[in-house]
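Listed below are the residues making up each chain.
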Amino acid sequence: ELRVNPTSRQLYVAMWDPHQDIDRIGVRRVPCSIGWHFMMRGGFLHLTYTMRSCDFVTHWQNDVWLALKLLDFVCTKTGNKPGQFSQFINSFHVYEKDVADVF
């Protein structure tokens, strides 16, 4: 779709679908990542990464690194230049056991 309709506002990749993956909710872990929204603007491919939850100490740096690698991969495959990276996390937290190492 990015190649055919580069200015689309629908370039969204969902990590999981609560309607299709309903058997996971409350029984098994569901992904913390919700999805990645790509937008081509001003000659650059921008990425917004949405998460429902993220542990700062254990996972945040890896999540950001992987999202940026995804942006780089998509840019390489489509011939676009990487743009801005944004991230929204609904529950960005540090567990009590890690507080001393962070603050």
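Note: the structure precedes this text.
One structure accompanies this document, and this report is about it. (Residues numbered from 1 in each chain as written. Predicted model: local features only at pLDDT ≥ 70, side-chain atom pairs only at ≥ 80, totals over all residues. Heavy atoms only, no water.)

1. Describing helix α1 (residues 56-78)
Phase 1 of the analysis: End to end, α1 covers 32 Å across 23 residues, agreeing with the expected 33 Å (1.5 Å per residue, within 8%).
Phase 2 of the analysis: Along its buried surface, α1 packs onto β2 (33-41), β3 (44-51), β4 (54-55) and β5 (81-89).
Phase 3 of the analysis: Phi turns positive, to about 75°, at Gly79, one or two residues after α1. (Helix = DSSP H or I, 4+ residues; strand = E, 2+ residues; numbered from the N terminus. Expected span 1.5 Å × (residues − 1). Contact = heavy atoms within 4.5 Å.)

2. Some words on a nonpolar patch on the surface
Phase 1 of the analysis: On the surface, a nonpolar cluster with roughly 330 Å² of combined accessible area is contributed by Phe56, Val57, Trp60 and Phe92.
Phase 2 of the analysis: At three residues, α1 tops the list of elements feeding residues into the nonpolar patch.
Phase 3 of the analysis: Take Trp60: it is sitting in helix α1.
Phase 4 of the analysis: For Trp60, a relative accessible area of 30% translates into the label partly exposed. (Patch = residues over 30% accessible without salt bridge, like charges linked within 9 Å, V, L, I, M, F, W, Y side chains within 5 Å. Areas by Shrake-Rupley, 256 points an atom, 1.4 Å probe, with all protein chains shown as cover. Salt bridge = Lys/Arg side-chain N within 4 Å of Asp/Glu carboxyl O. Buried < 20%, exposed > 50% of the residue type's maximum accessible area, 1.4 Å probe, protein only.)

3. A look at the nonpolar core
Phase 1 of the analysis: Counting 14 residues, the largest nonpolar core has Leu2, Trp36, Phe38, Leu45, Leu47 and Leu71 as the members making the most contacts within it.
Phase 2 of the analysis: Looking at this core, the elements with two or more residues in it are β2, β3 and α1.
Phase 3 of the analysis: In this structure, Trp36 is in contact with Leu11, Tyr12, Val13, Met15, Leu47, Thr48, Tyr49, Ala67 and Leu70, ignoring residues within four places of it in sequence. (Core = buried A, V, L, I, M, F, W, Y, C linked by side-chain atoms within 4.5 Å.)

4. Considering the sheet that holds β3
Note on sheets: strands pair through backbone hydrogen bonds, and any given pair is parallel or antiparallel.
Phase 1 of the analysis: Strand order in the open sheet made by the four strands is β1-β2-β3-β5, with mixed pairing throughout. In this open sheet, the two edge strands, each paired with only one partner strand, are β1 (12-14) and β5. For this sheet, the mean inter-axis angle between neighbouring strands, taken without regard to orientation, is 15°.
Phase 2 of the analysis: The pairing of β3 with β5 spans seven bridges and is parallel. Pairing of Tyr49 across the sheet is with Gln87, part of β5.
Phase 3 of the analysis: Those strands touched by α1 are β2, β3 and β5, and its axis lies near 145° from that of β5. (Pairing = 2+ DSSP bridges. Axes fitted to C-alpha atoms, helices over the stretch in contact; angles between N-to-C directions.)

5. Some words on the pairing of β2
Phase 1 of the analysis: Inspection of the sheet shows β1 paired to β2 by three bridges, in the antiparallel sense. By the bridge assignment for β2, Ala14 is matched with Gly35.
Phase 2 of the analysis: Here β2 pairs with β3 via eight bridges, running antiparallel. Bridge pairing in β3 links Arg41 to Phe44.

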